[in-house]
Amino acid sequence: MSRIRRNIHRKKLNKILRVADDEQFFTMMWSIHAAQTGREDKARPFLEFPKEAATTDMASKYAVHPWKCETLLNEALATPKQKITPGNTFKTLNCRTFSSIALALNTLTKLEDAEDGLTLKRVSVLNELHRLSQRQFGWQMGLITLAGLYRSGFIYSGPKTKLFFESTNEFSLNEFSLACFAIRAALEDKPAIVRDIDLSSIGISEKKREDILNTISIRHTEARKKASTLRNTKKHTGYKKSLFREYPCVSFGQNGERIHGPLPDLVLLRSTSGVFYDVINGGGDVRNEISSRFERYCIEFLQCTLLTARVRASFKYQFTKRQQIDSPDILVSANKGPVSLIIECKARRLSYEARFSEDPVSEARDAYNELSKGLFQIWRFVAHQRLGLIPNEPISADVRGIVLTLDTWLSAASVMQDEVFELANLRASEDANITEEDRIPVIFCPIGDLEQTLGVSTDSSFFETVFAATDDKFKGWSLSGVHRELGLDRSSTEKKYPFADRMADVFPWWRKQ
């Protein structure tokens, strides 16, 4: 029955989108997103909508969630359009009314509900929660945050990374982020910009402006071809690859003179964390530099936010007469006592398979093996300390571990966490030095969640939260969610992001803002 329902709603969605003019559809989606992100006045000239639809409340019955907007935009590009033939009635979707948005959105929702029913016959609901969180989490928390901007700028501003970026582009990382910041600001006010937008006032020449626009935008005809390829799969509609993560803008017109960015935050995201697309082929030196800078960022962030703790970086210790081993990346001692928290950092980015596969641990085995290695490295350190190999680093009896990730690898994924623990246990069973007592409780935490937690916690409430998070009842929870559940937010005050005054160190143009 679910398959029949899916096919019915797929045909209905195709019927709606095949009569939609893509440029008008982009304007409509930009308008409702603007209306629901505090820019009602900007949206009114392009879209008729009830006053209730101008809401930032994602729980409102009028809410058009941005992840659904992104899906509809991709589907509009991938859907074949009606053929115009003599004598046939030519219909078009009225893209100036909220009712058209509601029609497309409700049809998409029914299609995805039917697909959910089919998926849950193969996949556990707990695994499906992981995919759901991957799709929604960034939009719900805010794609653009001060912490996210600085972190991305810091991680990708190493000399080898910058050299590779500039060797493959005609502009610098600083110019790229500055131009994208300006383009995003322009797209906050209107649904499209002209290709010859003047950026000379911020030091971006015509040549570099064109090169940057070619990096973040794609011609409409090419966008349709690429979207059709990306979406040509039987996978769940909501979890198909999105064109807009690599190309947040699409250009229309004979010469691509009108550039639309229906979800403006994706423009700035492309020039920060999206730099990954530009340096992915940089080789081992670039990847190692990015990993090293991520570790450095995490260390400095913890040192600035944990005021009574001792935070220190990795060091080498003697394992045998001929072999030295690196300790885990970060050791933290509450109240400057014995080690109470052992952290291993993993900067590997989430692949599409790791993010949205029905069986990500199998389909992205190498990536999840790397996470299991982080667990193993923590346990190995505990074992070596117990064996007396690290006498100057006493460990607390209730020590905990964190595998700290750059991306949201295992958010809302309790079953997948169990699978990664199984991989780690297999690795640990091959090391005779690691006993059961050395396999201390460890949680997986993305850096954004750590930043959010430490943004409102005290030192004591943070350590209390980490300790509680290893309890089975909190498996799959976010660290910040555990902090709230324990009632610790009520006694905390939000702290200033520690690197707020360093933005110009990674974005030199920030000084002029």
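Here the structure is shown first, and the text comes after it.
Residues numbered from 1 in each chain as written. Predicted model: local features only at pLDDT ≥ 70, side-chain atom pairs only at ≥ 80, totals over all residues. Heavy atoms only, no water.

1. Some thoughts on the overall build of the protein
Put simply, the rule is: Runs of E in the DSSP output that reach at least two residues are strands. Runs of H or I that reach at least four are helices, and both are numbered from the N terminus. Here the term buried applies to any residue with accessible area under 20% of the maximum for its type, exposed to any over 50%, and partly exposed to those in between, with areas from a 1.4 Å probe on protein chains only. Contacts are assigned to residue pairs that have any heavy atoms within 4.5 Å of one another. The protein chains shown are the only cover counted for residues, whose accessible areas, like all others here, come from Shrake-Rupley with a 1.4 Å probe. Asp and Glu are treated as the negative residues and Lys and Arg as the positive ones, with His and the ends of the chain left uncounted. Lysine's charge is taken at NZ, arginine's at CZ, aspartate's at CG and glutamate's at CD.
Counting secondary structure elements, the protein contains 22 helices and eleven strands. On the principal axes, the C-alpha backbone points of the protein span a range of 85 × 60 × 45 Å. Across the 513 residues of the protein, 55% fall into the buried class. In the protein, 75% of the contacts between residues at least 6 apart in sequence involve partners at least 24 apart. On the protein, roughly 23500 Å² of surface is accessible, and the fraction owed to carbon and sulfur atoms is 49%. Put simply, the protein has 73 plus and 65 minus side-chain charges, and the middle of one group is 4 Å from the middle of the other.

2. Let's talk about the nonpolar core
The following threshold applies: Within this scheme, the nonpolar core is defined by two criteria: the residues are buried Ala, Val, Leu, Ile, Met, Phe, Trp, Tyr or Cys, and they are joined through side-chain atoms within 4.5 Å.
Membership of the largest hydrophobic core comes to 69 residues, with the highest contact counts inside it found for V332 and L450. With sequence-adjacent residues up to four places away left out, V332 is seen in contact with L302, L306, A309, R310, V311, R312, V339, S340, L341, I343 and F463. Counting residues in each nonpolar core, the second largest holds 46 residues, with F49, V64, C69 and L266 among its members.

3. As for the sheet that holds strand β3 (residues 249–252)
Definition in use: At least two bridges found by DSSP between two strands are what make those strands a pair. Fitted lines through C-alpha atoms serve as axes, helices being fitted only where they are in contact, and the angles separating the N-to-C directions of these axes extend from 0 to 180 degrees.
Strand order in the open sheet formed by four strands is β1-β4-β3-β2, and the pairing between neighbours is mixed. Each edge of the sheet is formed by a strand with only one pairing partner; in this case those strands are β1 (192–194) and β2 (217–219). The sheet shows a mean angle of 30° between the axes of neighbouring strands, direction not considered. Pairing between β2 and β3: three bridges, direction parallel. Among the inter-strand pairings, S217 is bridged to a residue of β3, identified as C249. Its contacts with the sheet place helix α10 (residues 206–216) against β2, β3 and β4 (258–260), and it is angled at close to 80° to β2. Contacts between helix α11 (residues 220–231) and the sheet are confined to β2 and β3, with β2 contributing the most and set at about 100° to the helix.

4. Focus: a nonpolar patch on the surface
Inclusion rule: Here a patch means residues that are over 30% exposed by relative accessible area and free of salt bridges, tied together within 9 Å if like-charged and within 5 Å if nonpolar (Val, Leu, Ile, Met, Phe, Trp, Tyr). The salt bridge criterion pairs a side-chain nitrogen of Lys or Arg with a carboxyl oxygen of Asp or Glu, the two atoms within 4 Å.
A grouping of L120, V125, L126, L129 and L132 is seen on the molecular surface, where their side chains present a nonpolar patch of about 400 Å² in accessible area. Considering the arrangement of structural elements, one finds L129 in helix α6 (residues 125–141).

5. Regarding the pairing of strand β11 (residues 442–446)
Counting buried residues in β11 gives five out of five residues, a clear majority hidden from the surface. Of the two faces of β11, the one lined by V442, F444 and P446 and the one lined by I443 and C445 are each fully buried. Pairing of strand β10 (residues 395–405) with β11 involves five bridges; the strand directions are parallel. Across the sheet, the residue bridging to L404 is C445, located in β11.

6. Some words on the pattern of salt bridges
Within this structure, the stated rule accounts for 31 salt bridges. R44 is paired through a salt bridge with E40; the nearest N and O atoms lie 3.1 Å apart. Taking the relative accessible area as the measure of exposure, R44 reaches 33% and is therefore partly exposed. K51 is the partner of E40 in a salt bridge, and the nearest nitrogen-oxygen pair spans 3.2 Å. Here E40 is found in helix α3 (residues 40–43), whereas its partner K51 is found in the loop between α3 and α4 (66–78), with eleven residues between them in sequence. Bridged by salt links that share partners, the residues R10, E75 and R231 form one connected network.

7. Considering the packing of α6 against helix α18 (residues 414–429)
Heads up, the condition is: Roughly parallel means an angle under 35 degrees; roughly antiparallel means over 145; roughly perpendicular covers 65 to 115; every other angle is labelled oblique. In the scheme used here, Gly and all other residues not listed as nonpolar or charged are polar, with Ala, Val, Leu, Ile, Met, Phe, Trp, Tyr, Cys and Pro taken as nonpolar and Asp, Glu, Lys and Arg as charged.
The geometry of α6 relative to α18 is characterised by a closest axis approach of 7 Å and an angle of 100° between their N-to-C directions. On the basis of their axis angle, the class for α6 and α18 is roughly perpendicular. Touching L126, N127 and H130 of α6 are S414, V415 and M416, all from α18. Taken together, the residues that form the contact of α6 with α18 break down as three nonpolar, three polar and no charged.

8. Topic: helix α19 (residues 447–454)
The buried fraction of α19 is high, at six of eight residues. What α19 keeps buried is the set I447, D449, L450, E451, T453 and L454.

Any functional reading would require information beyond the geometric quantities listed.
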